[in-house]
Amino acid sequence: MTTTEQPFLKNALAGVLALEPYSPGMPIDELQRRLGLSDVIKLASNENPLGPSGKVKAALAEHAASGNVSLYPDGGGFRLKKKISEFHDIDSSRITLGNGSNDLLEFIARVFLGPGRKALFSEYCFAVYPLATLAQNAEAIVAKALPADHPTMPFGHDLEALAAALTPDVSVVMIANPNNPTGTWVEPGPLEAFIAQVPASTLVVLDEAYIEYFDPSLKPDSRAWLDRYPNLVITRTFSKTYGLAGLRAGYALSHPSVADLLNRVRQPFNLNMLALLAAEVALGDQEHVAKAVELNRTEMARIKAEFAALGLSVLPSQANFLTFNLGRDAAPIHKGLLERGVIVRPMASYGMPTWLRVSIGTAAENTRFLTALKAALAA
Ligand SMILES: *Cc1c(COP(=O)(O)O)cnc(C)c1O
C-alpha cells in the first residue's frame with residue numbers, strides 16, 4: 001500500500017512505515033496446513049522441549065477447572081512480584097512485569113526513545129531491538145559485530161565497537177547475553193567493565209532471556225551489578241527455560257525510578273491471570289529448570305559432534321540453540337527440512353543467508369532433525 005492510495009497513511013510514523021515486521025518461527029499448524037503433513041516438529045523459537053514443569057501444569061489445570069476467568073487479573077501482579085522479589089533478593093519496587101520480555105523492551109522504547117533519540121545495539125542482535133526503536137521513530141545505531149573469522153567468537157558482540165559508538169546522546173544500549181540469533185556471549189568481566197563506562201545518562205538494557213543455560217563459569221552475577229549501576233535494566237523471560245512461551249510472561253529488574261516509569265506505560269492488566277499463576281509456580285520449581293538445562297547440555301554436545309562430522313561449522317553457543325553454516329544458500333536446505341516436517345529458523349533476514357538456527361529439542365526431536373538434515377543435504 002502506498003501513501004497516495006490512502007491519504008491517511010501519510011500520517012503514520014515514518015519509522016513504522018519503514019520497518020520490516022518480525023518474522024516468527026513458523027507455527028506447527030501452518031506447516032501442517034501448507035504441506036499436508038501430520039507429524040511436524042518445531043525447533044525454531046528456542047522453547048523448552050520439556051514444556052512447563054508438572055507443578056505448573058497442575059496449577060493451570062486446577063485454575064481451568066475453577067472456570068475463574070470473569071474477574072480481571074491482579075494488575076499489580078502482587079504474588080508474582082513477591083516471588084521474583086524473594087528469588088532475586090530485590091525490592092518489589094524494582095520489578096516491572098511484562099507480557100513476555102518483548103513487552104518490557106517496548107516499554108523501555110516508549111519511555112526512553114522517540115524522534116531524535118538514539119538506541120545502540122550490535123549487528124546480529126535480537127530483531128526486536130531495531131523494531132522497538134523504529135516503531136518509536138527513533139534512530140538505530142548499529143555497532144559492527146566481531147568478524148566472521150574471529151578465532152573465538154565469530155559474529156559475537158564487539159564490546160569495543162559498542163563502546164566506540166556510545167556517544168552521550170545515545171538514550172539506550174541493548175545487549176542480549178547470551179545473544180539470539182547467534183548464541184554468542186560476552187564474559188562477565190568485560191561486560192561489567194563495559195557497563196561501568198556507559199555514561200550515567202544512558203540506559204543499559206541487559207537481556208538475559210537465556211541466562212539459565214550459561215555454563216556456571218560464564219554466568220554473570222548481574223543481580224549484583226544492579227546495585228552498582230542505577231542505569232542498568234535486566235530483562236528476564238518465562239518463555240525459554242521455564243517453558244511458558246505460549247502464556248507470555250517476563251520481567252525487568254531496574255532502579256525503582258526506571259520501574260516507576262515503565263509501569264506508567266504498561267497496560268493495567270498486561271499479564272493475564274494464567275500467565276501470572278504459571279510464572280509464580282514456575283519460578284518456584286528450579287528443579288525443572290535444572291532438568292531443561294541438563295538436557296540442553298547433553299543434546300547440544302551431541303548435535304555439535306554431528307555437525308562436525310558433516311563438516312558444518314557452528315557458532316559458539318551458551319544458549320539453547322545452534323546457528324550453523326551450510327556454506328551455500330541455506331534456503332533449499334530450510335525447504336528440505338520443512339518438507340520433512342522439521343521447522344528451523346532461516347537466518348537470511350539477519351544478513352546470514354548461508355546459515356540456519358536450530359533449537360535444541362528432546363533427544364528424539366534432535367535425532368529426527370539430524371536425519372532430516374542429512375537427507376536434505378543429500379537431495
Ligand atoms: C526469546 C527472546 C526473548 C523473550 O521474548 P518473550 O517476549 O519473553 O517471549 C527476549 N530476548 C531474546 C534475545 C530472545 O531470544
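This write-up is about the structure you can find in this document.

The rules behind these values
- Residues numbered from 1 in each chain as written.
- Predicted model: local features only at pLDDT ≥ 70, side-chain atom pairs only at ≥ 80, totals over all residues.
- Heavy atoms only, no water.
- Near = heavy atom within 4 Å.
- Polar contact = N/O pair within 3.5 Å; in protein donor to acceptor, adjacent residues only side chain to side chain.
- Areas by Shrake-Rupley, 256 points an atom, 1.4 Å probe, with all protein chains shown as cover.
- Nonpolar A, V, L, I, M, F, W, Y, C, P; charged D, E, K, R; others polar.
- Pairing = 2+ DSSP bridges.
- Helix = DSSP H or I, 4+ residues; strand = E, 2+ residues; numbered from the N terminus.
- Right-handed = clockwise from strand over helix to strand, strands pointing away.
- Contact = heavy atoms within 4.5 Å.
- Axes fitted to C-alpha atoms, helices over the stretch in contact; angles between N-to-C directions.
- Salt bridge = Lys/Arg side-chain N within 4 Å of Asp/Glu carboxyl O.
- Buried < 20%, exposed > 50% of the residue type's maximum accessible area, 1.4 Å probe, protein only.
- Parallel < 35°, antiparallel > 145°, perpendicular 65-115°, else oblique.
- Left-handed = near helix turned anticlockwise from the far one by under 90°.

## Points about the site of the ligand
Piece 1. Of all residues adjacent to the ligand, which total 13 residues, the nearest are S101, Y210, T237, S239 and K240.
Piece 2. In the model, an oxygen atom of the ligand is placed 2.6 Å from a nitrogen or oxygen of the S101 main chain.
Piece 3. Protein contact buries 93% of the 380 Å² of open area that the ligand shows by itself.
Piece 4. Split by residue class, the shell around the ligand holds four nonpolar, six polar and three charged.

## A few points about the pairing of strand β4 (residues 139-143)
Piece 1. As paired elements, strand β3 (residues 118-122) and β4 share five bridges and run parallel to each other. The residue bridging F121 from the neighbouring strand is V142, located in β4.
Piece 2. In terms of handedness, the path from β3 via helix α6 (residues 128-135) over to β4 forms a crossover that is right-handed.

## Considerations on the sheet that holds strand β10 (residues 321-325)
Piece 1. Reading across the sheet, the four strands line up as β9-β10-β13-β12 and stay open at both edges, with antiparallel pairing between neighbours. At either margin of the open sheet sits one strand with a lone partner, and together these are β9 (313-314) and β12 (345-346).
Piece 2. Both β9 and β10 contribute to a ladder of two bridges, which runs antiparallel. Of the residues in β10, the one forming a bridge with S313 is N325.
Piece 3. Packed on one face of the sheet, helix α12 (residues 286-310) meets β9, β10 and β13 (355-359) and runs near 5° to β10.

## Observations concerning the pattern of salt bridges
Piece 1. Inspection of every chain in the model, using the stated rule, returns 16 salt bridges.
Piece 2. The shortest N-O distance in the salt bridge between D260 and R264 comes to 2.7 Å. Of this pair, D260 and R264 are both found in helix α10 (residues 256-265), four residues apart, which corresponds to roughly one turn of the helix.
Piece 3. The exposure class of D260 is partly exposed, given its relative accessible area of 37%.
Piece 4. Where R297 meets E294, a salt bridge forms, and the shortest distance between an N and an O atom there is 2.8 Å. Of this pair, R297 and E294 are both found in helix α12, three residues apart, which corresponds to roughly one turn of the helix.

## With respect to the packing of helix α4 (residues 78-88) against helix α11 (residues 273-283)
Piece 1. With their axes 9 Å apart at the nearest point, α4 and α11 run at an angle of 25° to one another. As far as their axial angle goes, α11 and α4 are roughly parallel. Along this stretch, α4 crosses α11, giving a crossing that reads as left-handed. Contacts between α4 and α11 involve R79, L80, K83, I84 and F87 from the first element and L276, A279, E280 and L283 from the second.
Piece 2. Its residues assigned to classes, the contact of α4 with α11 shows six nonpolar, no polar and three charged.

## Focus on the pairing of β13
Each regular strand shows side chains that alternate between the opposite faces of the sheet.
Piece 1. Burial analysis of β13 places five of its five residues in the buried class, which makes it a mostly covered element.
Piece 2. Neither face of β13 is open: one carries W355, R357 and S359, the other L356 and V358, and all of them are buried.
Piece 3. In terms of strand pairing, β10 meets β13 through five bridges, oriented antiparallel. Residue pairing in the sheet places L322 in a bridge with V358 of β13.
Piece 4. Examined bridge by bridge, β12 and β13 share two bridges and lie antiparallel to one another. Pairing of P346 across the sheet is with L356, part of β13.

## Observations concerning the sheet that holds β4
Piece 1. With mixed pairing, seven strands are arranged side by side in an open sheet as β2-β8-β7-β6-β5-β3-β4. Strands at the two margins of the open sheet, each flanked by one partner only, are β2 (95-98) and β4. Averaged over all neighbouring strand pairs, the angle between strand axes comes to 20°, with direction disregarded.
Piece 2. Of the strand pairs in this sheet, β2 and strand β8 (residues 250-253) are connected by four bridges, and their pairing is antiparallel. Following the sheet pairing, I95 is matched in β8 by L253.
Piece 3. In the packing of α4 onto the sheet, the strands contacted are β2, β7 (232-237) and β8, and the crossing angle to β2 comes to about 125°.

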